[in-house]
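# Overview (structure and organization)
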Amino acid sequence: MELAINKSNTFTSTRNACKLCSPLGASLVFKGIEGCIPMIHGSQGCATYIRRYMISHYKEPVDIASSNFSEETTIYGGNKNFCTGIDNVRKMYNPAVIGIASTCLSETIGEDIPRLIKEYAQLHEGEQIPVFIHASTPSYQGSHMDGFHETVLSAVASLATEGATSKQINIFSGFISPADIRYIKEICDDFGVEYMVFPDYSDTLDNPHWKDYQLIPEGGTPVAQIKNAANAIASIEFGTIMNKVVSTSKSSAAHTAGEWLEKHHSVPNTRMPLPIGIEASDMFFKTLETISGIATPRHHARERGRLIDAYVDGHKYVFGKRAVVFGEEDMVLSMVAFLHEIGIETVLAGSGGESNSLKKEIDARTGGVYPNMIVMNNLDFETINEMVDELKPDIFIGNSKGYYIARRLKKPIVRIGFPIHDRFGAQRLHHIGYRGTQELFDRIVNALIEYKQEHSPVGYKYI
Amino acid sequence: MNAILKDRNSQITRAGADTKTIACNKPSLAGAVSQRACVFCGSRVVLYPIADALHLIHGPIGCAAYTWDIRGAMSSGPEIHRMSFSTDLHEKDVVFGGEKKLEAALLELIDAYNPKAAFVYSTCIVGVIGDDIESICRKVQALKQIPVIPVHAPGFQGTKKDGYRAACEALEVLVGTGNRPAQEFSINILGDFNLAGELWILIDYYKRMGIHINATITGDGRVEDIANAHKAQLNVVQCSGSMMYLAKQMKEKYGIPFMKVSYFGIEDMSDALYEVATFFKNDDMLAKAKEIVRFEFARLMPELAVYKQALQGKKAAVYVGGSFKAISLIKALRLIGVQTVVVGSQTGTADEYEIIKQLCDEGTIIVDDSNPAELSAFVKETKADIFIGGVKERPIAYKIGLGFCDHNHERKEALAGYEGMLNFAKEIYATAMSPVWKFTK
């Protein structure tokens, strides 16, 4: 196994990346703000590629503007294109918010976006102009997850202002599915607490059918709630790795929105893993109980009970199985911990993220009982492909880009997270809490049963 | 809110006698949410199907990640093209330069994958940090003894169309380097990318006519064939937007004539076969072409008649990559009783838009380099029932209750040739006749 790692390390190039670029993460967060349209300050292709990538996953319109750099822009600066872009976006969309993400190009030529925004505002003094949020997301720094968390931080740091005390609980839920976000909101509603989930793309990236085209779909975290985040009673953050390494925040030593609010506005922050599995979900519900002083509603306690019942019913189908898990670091971390909880051994856990803390975090969550588990940061799919044969996995768990490896090995793959480009309904998958864990558990058990049934010489009618 | 920006007016017109000529071939307007990608994208989609070449993208990870196995272009042999290779530039590379990383990446990948050639795509920041890609390519070519060809594709240096040209320039480097003996009645197929195996359908027709296929550029493409492309007697060019430049260059350099054809729809497909046969001035070949057309017509028409009857009176919006394909689609739709009420493309040409103006019914909206706001307004105004486009148009159609047919990279059924026409009709029928629409009205 050591040999395999060394072999893959000899490649300078990235072969079939297990990550995406930073502006994609920013675009996701902007889609989760009410009335917001994202604009990418760079070449036209960045916006179009990201739109296409997100559309193929969410099956929804994803409008992202571009300042459309030309040769001239690149030499003389992007001021003109920036202003034209904003003017046109305002005319077409009349947005309440414009979220601006930088790119490798605009950062490399030294575009000062805060200054461009300021100049635009001065030029249009007296007009009702949109709220501007800017995130620095050069794609040569980190992955889409760094862009995601950086943008959450930027939005909060630029908008949150102290005012009247509030009972709001801030929930920074990380990169989860629209269905997951709706579920968190349902939980909070059932607790009867005031809350903000940010970013909330549960409607904007999973709309009902429309009669007329909505240029800006309804939904998203209201700006008023983001402003109010400074007055909240507490913050909860999902993810323990987040953007640990690449934090480009210039104004503060805080790396995440939760940290920033704690530091600057004394809002206590609870950081916890993405709540996948019973233990991690318990942590989330207990935190809500502690903050609100309200017991977990019966409805959710029953859901937990049914999940335990399912664990018992299904435990033999999964015990001792070997999994390969890949995707975003926080997703991988929580998935490995969940698999540990049900008796599946992860033999390889990998991510294109570069925090270099995945191994340490996994050891902490699993008690270090898997000394042979290969844990890799800065991983690409071809490295996985070259290592898996000798690992003899029973199942692959990750985004759809790993399908080709599972196909070569003729093993089942359970698709989770982002992107899922080769299956239907990705926006409706649950991953977190008791409900998400139940769904994942059912899917994993059934994938293993189906594999066994299909490879059985007689087939069988009862499991 | 305005669906149409003032600065976009010149790129929108209507079919009819006294309507204005459309403006096209312009950079996209900032903030207009164009459906186009960039120069890099243009070069990447054209060269991507060359299956035994290494395609290395020099830049940060995004450009490579978003184009990994993007096109579904099938190969009958090697599949190196389905891999996504990137130098994955990081901050330190941007500061200190990425040349060393590029060289190391090229050397290791050529050793590991044994490609017959390597294409090195430069992306936005490479154009800015000033890496000398040319000299790295020359150096590696000398070391590894395979063609290592730079593709100049910084995203901001023009439009997607300029990317087509960058791809053609890269291909030009290869063409003429082979030394295979020339064969009689040989053609190159330019501008088919073998999506869903479409190229193989076309090759079958040509072979039945006694034509030798010298090189396919770039569908199911091979370096060796492209290197010998100058041995053909004729270049048959589809998707003229992307490949015309190469055809013109080959005419100038090697005296090879070219003709523009389309393989979409019965009419254009048949014309293609007749025109190629006529070019070779060979009676036997023409007789065989007629036989193919007669046979396929007899087979297809009764089936198409059924669809036509069901679809009669339906209205379609067409928004595709190039205007040449749009012309074929208008005709193919008409054949099955569907009227085109909106037609547009990302990178159309003035000549072709003029043909579209003549071809369409009066009042049909014609648009260049459109966006979601416009397209959704146009389909509403014209009460279109079906949209024919690509991935980015699909949610616009579905969200407001129009049927949809993917005529772009992600199609899984062949839409070219005679059986492609049948598949097209079936798909239009399926999307128009689905019972689900009763819930969206």
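Residues numbered from 1 in each chain as written. Chains lettered and ligands numbered in written order. Predicted model: local features only at pLDDT ≥ 70, side-chain atom pairs only at ≥ 80, totals over all residues.

### A word on the sheet that holds strand β3 (residues 65–66) of chain A
All names here are of chain A.
- If you walk across this open sheet you meet the four strands as β3-β2-β4-β5, and the pairing is parallel. Edge positions in the open sheet fall to β3 and β5 (131–135), since each of these has one partner strand only.
- Relative to strand β4 (residues 97–102), strand β2 (residues 36–41) runs parallel, the two being bridged by six bridges. Across the sheet, the residue bridging to I37 is I98, located in β4. (Pairing = 2+ DSSP bridges. Helix = DSSP H or I, 4+ residues; strand = E, 2+ residues; numbered from the N terminus.)

### Digging into the domain arrangement of chain B
Residue and element names in this part refer to chain B.
- According to the domain assignment, chain B consists of domain 1 (6–23 + 312–410), domain 2 (39–174) and domain 3 (186–290).
- Taking only C-alpha atoms into account, the centre of domain 2 sits 27 Å from that of domain 3.
- Tallying the contact residues gives 22 residues for domain 2 and 21 residues for domain 3.
- Those elements giving two or more residues to the side of domain 2 that touches domain 3 turn out to be α1 (39–47) and α7 (160–174).
- Top contributing element to the side of domain 2 that touches domain 3 by residue count: α7, with seven residues.
- Residue composition of the side of domain 2 that touches domain 3, grouped by class: 13 nonpolar, three polar and six charged. (Domains from an automatic or database assignment. Contact = placed C-beta atoms within 7 Å. Nonpolar A, V, L, I, M, F, W, Y, C, P; charged D, E, K, R; others polar.)

### Some words on the interface of chain B and chain A
- Each partner contributes residues to the interface: chain B has 57 residues there, and chain A has 58 residues.
- Broken down by element, the residue count for the side of chain B that touches chain A peaks at five residues, all from helix α4 (residues 99–113) of chain B.
- In the side of chain B that touches chain A, the residues fall into 36 nonpolar, 14 polar and seven charged.
- Judged from the two bridges that link them, strand β1 (residues 14–15) of chain A and strand β3 (residues 85–86) of chain B form a sheet pairing that is antiparallel. In the strand pairing of β3 of chain B, T14 of chain A is matched with S86 of chain B.

### Some remarks on the domain arrangement of chain A
Residues and elements named next belong to chain A.
- Domain annotation of chain A identifies domain 1 (2–11 + 313–454) and domain 2 (22–274).
- For domain 1 and domain 2, the distance between their C-alpha centroids amounts to 29 Å.
- The interface is formed by 29 residues belonging to domain 1 together with 27 residues belonging to domain 2.
- Among the elements of the structure, α14 (329–342), α15 (358–366) and α18 (433–454) are those that each provide at least two residues to the side of domain 1 that touches domain 2.
- It is α14 that contributes the most residues to the side of domain 1 that touches domain 2, six residues altogether.
- Taken together, the residues that form the side of domain 1 that touches domain 2 break down as 10 nonpolar, 11 polar and eight charged.

### Digging into helix α8 (residues 198–208) of chain B
Residue and element names in this part refer to chain B.
- Every buried residue of α8 is accounted for by E198, L199, I201, L202, Y205 and Y206. Considered in projection along α8, the buried side chains sweep an arc of 160° and stay on one side of the axis. Along α8, exposed side chains directed more than 90 degrees from the buried face belong to D204 and K207.
- Each element contacted by the buried residues of α8 is listed here: β6 (186–190), β7 (212–217), α11 (266–279), α12 (283–311) and α17 (417–433).
- After α8 finishes, the residue G210 shows a positive phi value of roughly 85°. (Buried ≥ 20, exposed ≤ 12 C-beta atoms within 10 Å, placed from the backbone. Arc of directions from axis to C-beta.)

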